[in-house]
Amino acid sequence: WVLVVEDNGGQEREVFRIGEPLVTVGRNTENPALRASIAISDAPHVSRRQLALLWEERDGAPGFKLFNLGLNSVHLPSRDVPGARVGRGELNLGSIGEEHTAWLPPGVPLRIGEHGPTVRIEEIPPGQDEIMVDPDATVFD
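Presented here is an overview of the structure given in this document. Since the structure is predicted, the reported quantities are computational estimates derived from the model, not experimental observations.

**What to know about the pattern of salt bridges**
Then, number 1: This structure, assessed with the given rule, holds 7 salt bridges.
Then, number 2: Put simply, R13 and E14 hold a salt bridge, and the shortest N to O gap is 3.8 Å.
Then, number 3: Residue class for R13 comes out partly exposed when judged on its relative accessible area of 30%.
Then, number 4: Two residues, R58 and E56, come together in a salt bridge whose shortest N-O distance is 2.7 Å.
Then, number 5: Given the relative accessible area of 36%, R58 is considered partly exposed.
Then, number 6: On the basis of relative accessible area, E56 is assigned to the partly exposed category, the value being 23%.
Then, number 7: Linked by salt bridges that have partners in common, E6, E12, R120 and E122 make up one network.

The following block contains the structure:
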């Protein structure tokens, strides 16, 4: 799986590999208490720790449970998900209310805040593991 980041014009800016069942997504920060495992560059409207994506199949279909950890709402085609404003400290997904979560299947665009960016999750086609992923993208282990 990869996380594709688009600019406001729909052009792909960055692509990040999702290699764990749980990843966090946000903007760059030097503060380790707020550092996301995937850091989107040039994203002033994104919280330092904006999203958590947890692998979760539903009725046999692939997808991720989305937790909006940040300040801004995130916008799916079917609904808006308000931010939980989690802030610093240990991440406890069990304490986040259902109103701050959604299920995100592959290919569905998700806009963070009113001004973007837009992200979507795509499956890497078999045999194409080496394409698409930006080797200079910031991913923290």
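**Some thoughts on the nonpolar core**
Then, number 1: Core analysis: the biggest nonpolar cluster contains 23 residues, and L3, L53 and L110 have the highest contact counts within it.
Then, number 2: Those elements that provide at least two residues to this core are β1 (2–6), β3 (22–27), β4 (38–40), β5 (51–55), β6 (64–68), β9 (101–104), β10 (110–112) and β11 (118–122).
Then, number 3: Apart from the residues lying within four places of it in its own chain, the contact partners of L53 are L3, P21, L22, V23, V25, F64, K65, L66, L104 and I121.
Then, number 4: The next biggest cluster of nonpolar side chains, apart from the first, holds 5 residues, and it includes A52, F67, L69 and L93.

**Things to note about the packing of aromatic side chains**
Then, number 1: If you walk through the whole model with that rule in mind, you get 3 aromatic pairs.
Then, number 2: Ring centres 5.6 Å apart and planes at 40 degrees place the aromatic pair W1 and W55 in the tilted group. With W1 in the segment before β1 and W55 in strand β5, this residue pair connects regions lying 54 residues apart in the sequence.
Then, number 3: For W1, a relative accessible area of 22% corresponds to the partly exposed category.

**Quick notes on the sheet that holds β1**
Then, number 1: Pairing is antiparallel in the open sheet, where 6 strands are placed in the order β2-β1-β11-β10-β7-β8. Sheet topology places β2 (12–17) and β8 (80–81) at the edges, where each strand pairs with a single neighbour.
Then, number 2: Pairing of strand β7 (residues 74–75) with β10 involves 2 bridges; the strand directions are antiparallel. Note that in β10 the partner of V74 across the bridge is I112.

Procedures and definitions
Residues numbered from 1 in each chain as written. Predicted model: local features only at pLDDT ≥ 70, side-chain atom pairs only at ≥ 80, totals over all residues. Heavy atoms only, no water. Salt bridge = Lys/Arg side-chain N within 4 Å of Asp/Glu carboxyl O. Buried < 20%, exposed > 50% of the residue type's maximum accessible area, 1.4 Å probe, protein only. Core = buried A, V, L, I, M, F, W, Y, C linked by side-chain atoms within 4.5 Å. Helix = DSSP H or I, 4+ residues; strand = E, 2+ residues; numbered from the N terminus. Contact = heavy atoms within 4.5 Å. Phe/Tyr/Trp six-rings, centres within 6.5 Å; stacked < 30°, edge-to-face > 60°. Pairing = 2+ DSSP bridges.

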